[in-house]
Amino acid sequence: MNNTKNQRDSDIQKKIDYEIRMREGACKLLAACSQRDQALEASKSLLTCNARIMAYMSELQRMKEAQVMQRVARRSSDAGPMDDRSPCKAKVAISDLRIPLMWKDTEYFKNKGELHRCAVFCLLQLGGEIFDTDMVMVDRTLTDICFDNTIVFNEASPGFELRVELYSCCSEEDYSAGSTPRKLASKLSTSLGRSSGKKMRGALEPGACSPTSNGGGAAILLPVPSVPGPKYHLLAHTTLNLSHVQDSFRTHDFTITGNEECSYWLPLYGGVCCRLAAQPHCMTQQMMSGCLRVKLGGEPQGWTNVYGVLKGTNLFCYHQKEDMEANVEPVLTIGINKETRIRAAEKDPHSKAQNICITNQYGGEEVMHTLAADSREDTQHWMEAFWQQFYDMSQWRQCCDDLMKIELPSPRKPAIVTPKQGSLYHEMVIDTSDDIGTVTDILARRIEEFDLRSQLGSPPHWMSLFDEDPPRSPHSHQHLPPHSPSPRLHSRCHRTPGLLSSNASLTSDSDSPTSVRPCFRQAWSPDSNSSSGRFRPRTLSLDAKLSTLRGRGYGGFRCNCQPPTASSGSPRPTQIALSCSSSTSSSSSSEGSNSQESDLGFSRPSSARRSLRNLRAKLDPRNWLQSQV
Amino acid sequence: MSFIPGHPVTAVVQRIEIHKLRDGDNLILGFSIGGGIDQDPSQNPFSEDKTDKGIYVTRVSKGGPAEVAGLRMGDKIMQVNGWDMTMVTHDQARKKLTKKNEDVVRLLVTRKSLENAVRQSMMQH
């Protein structure tokens, strides 16, 4: 007994030492770093280390107290009920934290000044474990603060309390306020403007902003040694327990500390959404296993030997132990849940052991199973296991109805960096209605069209203009009608490059920006020397295919270009090219030639590419034009 | 919704008011159009009548101003801010939608489901 205690002591001591070393490292880093981001991260680690040290120290304290109490109890020989049943532990996971914000409209419309930004993160504590989430920068373009981390706490008891705290730090200007002497600081704050003065004052006096600081539950925070750099302040907190556990998202109240005057203030809506799931060990682990005999069928004397495994809400009976390991279906599954009644019967005087009768209600019917163990001790063990199971279920309540899924974040997943948690309108998702079927249909039709065109005979007479360029080395996308969307002058550059459709065709364009392209030519002169090989539809990777097609929209990769009317003789392709490169192409409509811009508006602006694409679009008569507005 | 050239067109329309979204210098509506009297109508995947050269909505950006206003893919645009869209070229249609000094476009659009709904409610009487 003493040995395990000492073991636990030294464990905690080791942890404390480790955290102290981490804290020193964080302090040094904070003093040394120059960039704001680094300073914020270092400050966050410092805060977490402090919190952990605090938690470990209080745990040590508790253990020492418990030791003392035990010694006292033993001395007075006041043996309490020794067979107190203790419920099993559980794995508790909190994920998908989302904190809605409620910006005032004045923030958007009147606030022409700098963007008020804060760095926030969440600190989660359960028992002795403390975890922090990643840091998120919040400004008024965000509608919610989202933390993608999944935090898993092992070994939680049914009476657990999970404390969630939101810390924030203003990140606009560099208030190295720690170093400013107080008199100077107060002079500054009164002589500055009202709002910036408030901010200065807020930064200087971290405690002053929260009138209810440390009023209720003590914050996890240790008094921080004065370290230069950004300081986080507690913005809101809440405590979750077993009653909040559910297999879906729920909103909980968030108690907000701090007010509008503080520099680290954010307009929280007052709730926090998250998914809090718990997996008690009784649901995930085998609580009891052993050989049993079961009465199957209707025969009164027919006993079958099975290997029973008690796990979760079921008692699985396999033919033999190896079946269970091989994941073979059990012979019999008896439900063990809150409605089950289990009784040990003394009915059989012949056998050495008692019978165990398990009664379940299936629908309106009562079904009874009779089991027997090999010996009296086994029976006793099984009954004990069943009682423990029932006790666990009563303690863990809703967690034992069904196994809740906990997804462990895979450590190898690279962090998906979103450049900016944009607002709703910054993410225009491309229609994903194109499925594989549509893709292959469209591709097949394309191939047919090419075949058709190749039989058309000589290329149009204006093709001679493009003859001077030597055929290019084949890119893999040449056969596709290269109408990557031509951007308009006011192109929408904010679309993230990842969504760009026509990366495939864009790469082929990038090489010779100035001349009108022979890859275009290949679409048109199938009987030119070297093109026959290129005419064969290359197999693009499906991703490239889908992305090119997606960007072009439904059927949209048929640019329409009406062939220049016969009456106008040889059209002036160079002029067309010129007029295309300016997007206000109203002039060309008066020319009689059509200046449709097959305009799906995604790609990076490049006047040469634009002219090229417009040209292609114009000269293909079978396309149905689509324009983005 | 079939139309006979030279005869007046009747259709059940829905009014849709789209507030353009300002993105820097650009005004975005968030959808794409196809069609026009200068286009090949047989390639229009949304039209019932394959000789219909009207302007159709071919794509609606998710979450964009058009979707928010109620525009759906496959709608045929009959009017934009009072200008007729049933007999225009593709470029003319695009221009009527993208006037820089207009923040709001009021469309009259028609779709098959509207017609069906009205027909059904009329049949019940």
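Residues numbered from 1 in each chain as written. Chains lettered and ligands numbered in written order. Predicted model: local features only at pLDDT ≥ 70, side-chain atom pairs only at ≥ 80, totals over all residues. Heavy atoms only, no water.

K.L.:
Please clarify how the overall build of chain B should be interpreted in this entry.
P.N.:
Each helix and strand counted, chain B has three helices and eight strands in total. In chain B, the succession of α and β elements from N to C terminus is β-β-β-β-β-α-β-β-α-β-α. Burial status across chain B gives 46% buried among its 125 residues. The long-range fraction of contacts in chain B, counting pairs at least 24 apart against all pairs at least 6 apart in sequence, stands at 67%. Just so you have it, chain B exposes about 6,300 Å², and 53% of that area is on carbon and sulfur atoms. (Helix = DSSP H or I, 4+ residues; strand = E, 2+ residues; numbered from the N terminus. Buried < 20%, exposed > 50% of the residue type's maximum accessible area, 1.4 Å probe, protein only. Contact = heavy atoms within 4.5 Å. Areas by Shrake-Rupley, 256 points an atom, 1.4 Å probe, with all protein chains shown as cover.)

K.L.:
Please clarify how the overall build of chain A should be interpreted in this entry.
P.N.:
Secondary structure summary: chain A contains 16 helices and 18 strands in total. Burial status across chain A gives 46% buried among its 629 residues. Residue pairs in contact within chain A that sit at least 24 positions apart in sequence constitute 73% of those at least 6 positions apart. Here chain A displays about 32,600 Å² of accessible surface, and carbon together with sulfur accounts for 53% of that area.

K.L.:
For this particular structure, what's the right way to read the pattern of salt bridges?
P.N.:
A side chain of one charge can pair with a side chain of the opposite charge if their charged atoms are brought near each other. Scanning the model with the defined rule gives 13 salt bridges over all chains in all. Residues Glu165(A) and Arg163(A) are paired through a salt bridge, measuring 2.6 Å at the closest nitrogen-oxygen approach. The residues Glu165(A) and Arg163(A) share a single accessibility class, namely buried. Each of Asp91(B), Arg94(B) and Lys95(B) takes part in a single network of salt bridges with overlapping partners. (Salt bridge = Lys/Arg side-chain N within 4 Å of Asp/Glu carboxyl O.)

K.L.:
Which parts of the structure should I look at to understand the confidence of the model for chain A?
P.N.:
Do not read the fine detail of predicted coordinates wherever pLDDT is low. Residue and element names in this part refer to chain A. Of the residues in chain A, 52% reach a pLDDT of 70 or more, and the chain-wide mean stands at 67. The least confident element of chain A is helix H15 (residues 586–591), whose mean pLDDT is 37; the most confident is strand S2 (residues 118–126), at 90. Low pLDDT (under 50) marks residues 174–182, which in the prediction has ten contacts with non-local residues, meaning those over four places away or in another chain. In the model, residues 553–605 has pLDDT below 50 throughout and makes 144 contacts with residues more than four positions away in sequence or in other chains. (pLDDT = per-residue confidence, 0-100.)

K.L.:
Any chance you could explain the environment of Phe131(A) here in plain terms?
P.N.:
Residue and element names in this part refer to chain A. Its location among the elements puts Phe 131 in strand S3 (residues 129–132). Distance from Phe 131 to Val 164, taken between C-alpha atoms, is 9.9 Å for residues 33 residues apart in sequence. Apart from the residues within four sequence positions on either side, Phe 131 is in contact with Arg 52, Cys 122, Leu 123, Leu 124, Ile 151, Val 152 and Phe 153.

K.L.:
Whenever I open this one, the packing of aromatic side chains confuses me. Can you help?
P.N.:
Remark: the centre distance and the inter-plane angle together describe each pair of aromatic rings, the angle taken between the planes. Residue and element names in this part refer to chain A. In this structure the tally under the stated criterion is six aromatic pairs over all chains. Relative to Tyr 167, the ring of Phe 121 has its centre 5.7 Å away and its plane inclined at 20°; by these criteria the two rings are stacked. Of this pair, Phe 121 sits in strand S2 while Tyr 167 sits in strand S6 (residues 162–170); the two residues are 46 residues apart in sequence, bridging distant segments of the chain. Taking relative accessible area as the criterion, Phe 121 reaches 0% and is therefore assigned buried. Residue class for Tyr 167 comes out buried when judged on its relative accessible area of 0%. Aromatic side chains Trp 382 and Phe 386 sit 5.8 Å apart centroid to centroid with 40° between the ring planes, which places their arrangement in the tilted category. A residue pair is termed a helical-turn pair when its members lie 3 or 4 positions apart in one helix, as Trp 382 and Phe 386 do in helix H8 (residues 376–396) at four residues. We note that Trp 382, like Phe 386, is buried. (Phe/Tyr/Trp six-rings, centres within 6.5 Å; stacked < 30°, edge-to-face > 60°.)

K.L.:
I tried to follow the confidence of the model for chain B on my own but got confused; where do I start?
P.N.:
Put simply, chain B has an average pLDDT of 88, and 97% of its residues get 70 or more. What the predictor reports for the complex is a pTM of 0.48 with an ipTM of 0.85.

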